[in-house]
Amino acid sequence: MLTFVLLSLLSIILLLLWLRHTGKRNKQGRAVDSRIYAAHTQSRPVEPLEHSTGQAFGLLLKAARGDRSQVEKWISATQQQSMPPLDRDRAIAELAQRLQASRR
């Protein structure tokens, strides 16, 4: 019984040492980058203001700190609050005008 316990402990220690050794290096021998891929993409400042959807959308995107889902929520809310409902481009323009007016 003691032999089984000692062999089990030895195998666990060897496994941990092997995992530690292989986890630090990749196949070329360089240290592996432990940073999370694209962790900064939702919080970085958006520059320049001109985007594929226009400058007004760029202003909104900058105000939302790059979070497109937040901008889409603002646009949907603006479209639904108006009577008759606004189209997407008009809602974006109206939100951008409100944002610029609030910053003055």
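Going by the structure above, here's the rest.
Residues numbered from 1 in each chain as written. Predicted model: local features only at pLDDT ≥ 70, side-chain atom pairs only at ≥ 80, totals over all residues. Heavy atoms only, no water.

Right, let's talk about the overall build of the protein chain for a bit. Check the secondary structure of the protein chain and you find 4 helices and 0 strands. When its helices and strands are written in sequence order, the protein chain yields α-α-α-α. Long-range contacts, defined as pairs at least 24 residues apart, comprise 25% of the intrachain contacts of the protein chain with a sequence gap of at least 6. Accessible surface for the protein chain amounts to roughly 8700 Å². Of this, 59% is attributable to carbon and sulfur atoms. (Helix = DSSP H or I, 4+ residues; strand = E, 2+ residues; numbered from the N terminus. Contact = heavy atoms within 4.5 Å. Areas by Shrake-Rupley, 256 points an atom, 1.4 Å probe, with all protein chains shown as cover.)

Looking now at the pattern of salt bridges. Enumeration over the complete set of coordinates arrives at 2 salt bridges. Between Glu-72 and Arg-88 there is a salt bridge, with its nearest N and O atoms 2.9 Å apart. On the criterion of sequence distance, the pair formed by Glu-72 in helix H3 (residues 68-81) and Arg-88 in helix H4 (residues 88-103) is long-range, its members being 16 residues apart. Judged by relative accessible area, which is 31%, Glu-72 ranks as partly exposed. Among the residues examined, Arg-88 registers a relative accessible area of 34% and is labelled partly exposed. (Salt bridge = Lys/Arg side-chain N within 4 Å of Asp/Glu carboxyl O. Buried < 20%, exposed > 50% of the residue type's maximum accessible area, 1.4 Å probe, protein only.)

In this structure, Ser-82 sits in the loop between H3 and H4. Among the polar contacts listed, one links the side chain of Ser-82 to the backbone oxygen of Thr-78, at a separation of 3.2 Å. (Polar contact = N/O pair within 3.5 Å; in protein donor to acceptor, adjacent residues only side chain to side chain.)

Each turn of an α-helix holds 3.6 residues, which means side chains three or four residues apart point in the same direction. Taken as a whole, helix H2 (residues 55-63) has its buried residues at Phe-57, Gly-58, Leu-59, Leu-60 and Leu-61. Packing partners of the buried residues in H2 comprise H3 and H4.

Turning next to the packing of H2 against H3. Two elements in contact, H2 and H3, have axes whose closest approach is 9 Å; the angle formed by their N-to-C orientations is 120°. One finds that H2 runs oblique with respect to H3. As H2 packs across H3, the resulting crossing turns out to be right-handed. Taken together, the residues of H3 that come into contact with H2 (itself represented by Phe-57, Leu-60, Leu-61 and Ala-63) are Arg-68, Val-71, Glu-72, Trp-74 and Ile-75. Residue composition of the contact of H2 with H3, by class: 7 nonpolar, no polar and 2 charged. (Axes fitted to C-alpha atoms, helices over the stretch in contact; angles between N-to-C directions. Parallel < 35°, antiparallel > 145°, perpendicular 65-115°, else oblique. Left-handed = near helix turned anticlockwise from the far one by under 90°. Nonpolar A, V, L, I, M, F, W, Y, C, P; charged D, E, K, R; others polar.)

Just geometry here; none of it tells us what the structure is for.
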